[in-house]
Amino acid sequence: MSVNQLSTSNYHLFSDYHTHPQGHRVRRYTQTLLQPWADSARNLGLADIAFTDHDRYHAGIGFDEIDRLRERNPDLRIRAGIELDNDPIYSGARRNWIEKHWDKLDFVLGSIHFLNRPDQMFDSVPDGAAQFEGRNIDEMYADYFRRLRELISNGWVDSLAHLDLIKIHGHRPTADVGTLVNETLEFIRARDLAIELSTAGWRKPVNELYPSDSIIELAMEKGIPFTTASDAHSHVQLGENFANLAHKMAEIGIHRVCIFEKHKRAAVPLQL
Ligand SMILES: [Zn+2]
Ligand SMILES: [Zn+2]
């Protein structure tokens, strides 16, 4: 794939801040596991990537292996990160792990994956859709955004992942969720957090970017910064649909993207 596929209208997306080298199980970080991600990044023209495996697989994360990967690929910025979620059973213990390794981590994503069922993430496709059957969708949206504000209040997060994930299976609220969204974005602004623009929504049943255009516009009004993300669970998904994302960002008028080093945020202009 050429660099042009990540670029449009003088925009070049150079960073992917949501990736899962381990996929969906514990796999120890090794050069064999990680190098293909560095190779994919280079081939795509991505210069800055963050590994953000799910916190439930933190046992596989090896900071020394990330350091070795950095030494072997000095042309790339490789960030050590993790995706912290609201697992009702285990998230406390995982937050402790994050606190303990905070200084080694560059970046922590915060996510809501659980609603009423502690044993199943609502965003599993297709099984999670059953959690919406016969339910009041407006109440589910309210519940989702309440959990998101709770996650934000608990701290230890730099940026929020897939902000409106609740739409994943295509369920739409009948009531206006403007107030809910506005309150949540106010929370995010007050804590000086970023949110991601995630192309993953384009490969899910909803077939829409996370978050929606109206949420992006409201976040822009509030001066909330954005990262760019694919939520790749394989190195071949890295930077997926970034050409479409670049197009959308040019159209909406997002001129900067943010990057993180040891939780310190910097804004980088996108114009070539
Ligand atoms: Zn997630
Ligand atoms: Zn993820």
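Located above this text is the structure these notes cover.
K.L.:
Whenever I open this one, the nonpolar core confuses me. Can you help?
P.N.:
Most often, soluble globular proteins keep nonpolar side chains buried together rather than apart. Residues Phe122, Tyr144, Leu148, Leu160, Ile166 and Ile188 are the most contacted members of the largest nonpolar core, which totals 78 residues. Ranked by residue count, the leading element in this core is helix H4 (residues 137-154), at 8 residues. Apart from the residues within four sequence positions on either side, leucine 160 is in contact with Leu109, Gly110, Leu148, Leu151, Ile152, Ile188, Leu193, Ala194, Ile195 and Glu196.

K.L.:
Would you mind going over the sheet that holds strand S6 (residues 107-111) with me for this structure?
P.N.:
Strands pair in a sheet through their backbones, by hydrogen bonds, and they do so in one of two ways: parallel or antiparallel. Taken in spatial order, the 7 strands make up an open sheet running S3-S4-S5-S6-S7-S8-S9, and their pairing is parallel. The open sheet has two edge strands, strand S3 (15-16) and strand S9 (226-229), and neither has a second partner. Across 4 bridges, strand S8 (residues 194-198) lies against S9 in parallel orientation. In the sheet register, leucine 197 faces S9, and the bridge partner there is threonine 228.

K.L.:
Looking at this structure, how should I read the packing of aromatic side chains?
P.N.:
Scanning the model with the defined rule gives 10 aromatic pairs in all. For the pair tyrosine 17 and phenylalanine 260, a centre-to-centre distance of 6.5 Å together with 45 degrees between the ring planes defines the contact as tilted. Of the two residues, tyrosine 17 sits in the loop between S3 and helix H1 (31-44) while phenylalanine 260 sits in strand S10 (residues 256-261), which places them 243 residues apart along the sequence. Overall, tyrosine 17 belongs to the buried group, its relative accessible area being 0%. Between phenylalanine 122 and tyrosine 144, the aromatic rings sit 5.9 Å apart at their centres with planes inclined by 85 degrees, giving edge-to-face as the arrangement.

K.L.:
Just to check I follow, could you spell out the pairing of S9 for this structure?
P.N.:
Side chains on a regular strand alternate between the two faces of the sheet. Across the two faces of S9 the burial is the same, with Phe226 and Thr228 and Thr227 and Ala229 all buried. Once you follow S8 into helix H6 (residues 213-221) and on to S9, the crossover reads as right-handed.

K.L.:
It is not clear to me how the coordination of the zinc ion (ligand 2) should be interpreted in this structure. Could you clarify?
P.N.:
For a metal with four donors in a tetrahedral arrangement, the ideal angle between donors is 109.5 degrees, while six donors in an octahedron ideally sit at 90 or 180 degrees. For the zinc ion (ligand 2), the full set of protein donor atoms is His18 (NE2), His20 (NE2), Glu83 (OE) and Asp231 (OD), at a range of 2.0 to 2.4 Å. For the zinc ion (ligand 2), the 4 donor atoms in the first shell make angles of 79 to 165 degrees at the metal, so the coordination geometry reads as irregular. In this structure the zinc ion (ligand 1) is found 3.4 Å away from the zinc ion (ligand 2), and glutamate 83 serves as a bridging donor for the pair. Here glutamate 83 is found in strand S5 (residues 77-85), whereas its partner aspartate 231 is found in the loop between S9 and helix H7 (242-252), with 148 residues between them in sequence. For the pair formed by glutamate 83 and aspartate 231, the shared burial category is buried.

K.L.:
I would appreciate a short explanation of the coordination of the zinc ion (ligand 1) in the present structure.
P.N.:
At this site the zinc ion (ligand 1) is bound by Glu83 (OE), His113 (NE2) and His162 (NE2), with donor distances of 2.1 to 2.2 Å. Read from N- to C-terminus, the donor residues coordinating the zinc ion (ligand 1) fall into the pattern E-x29-H-x48-H.

K.L.:
Is there a simple way to think about helix H3 (residues 91-100) in this case?
P.N.:
Structurally, the α-helix is built with 3.6 residues per turn, so residues lying three or four positions apart point the same way. Those residues of H3 that sit buried are Ser91, Arg94, Arg95, Trp97 and Ile98. Looking straight down H3, one finds that the buried residues subtend no more than 155 degrees of arc, so they occupy a single side. Exposed residues lying more than 90 degrees from the buried face of H3 are Ala93 and Lys100. Taken together, the buried residues of H3 touch helix H2 (63-72), S5, S6 and H4.

K.L.:
Could you clarify how one ought to interpret the side chain of serine 230 in this entry?
P.N.:
By secondary structure assignment, the location of serine 230 is in the loop between S9 and H7. Reaching out from serine 230, the side chain makes a polar contact with the side chain of aspartate 16 at a distance of 2.6 Å. Look past the residues within four positions of serine 230 in its chain and what remains in contact with it is Asp16, His18, Thr199, Ala200, Arg203, Gln237, Leu238, Gly239, Glu240 and Phe242.

About the thresholds
- Residues numbered from 1 in each chain as written.
- Chains lettered and ligands numbered in written order.
- Predicted model: local features only at pLDDT ≥ 70, side-chain atom pairs only at ≥ 80, totals over all residues.
- Heavy atoms only, no water.
- Core = buried A, V, L, I, M, F, W, Y, C linked by side-chain atoms within 4.5 Å.
- Buried < 20%, exposed > 50% of the residue type's maximum accessible area, 1.4 Å probe, protein only.
- Helix = DSSP H or I, 4+ residues; strand = E, 2+ residues; numbered from the N terminus.
- Contact = heavy atoms within 4.5 Å.
- Pairing = 2+ DSSP bridges.
- Phe/Tyr/Trp six-rings, centres within 6.5 Å; stacked < 30°, edge-to-face > 60°.
- Right-handed = clockwise from strand over helix to strand, strands pointing away.
- Donors = N, O, S within 2.8 Å, 3.2 Å for Na, K, Ca; no water.
- Tetrahedral: all angles 85-135°; square planar, octahedral: opposite > 155°, others 65-115°.
- Arc of directions from axis to C-beta.
- Polar contact = N/O pair within 3.5 Å; in protein donor to acceptor, adjacent residues only side chain to side chain.

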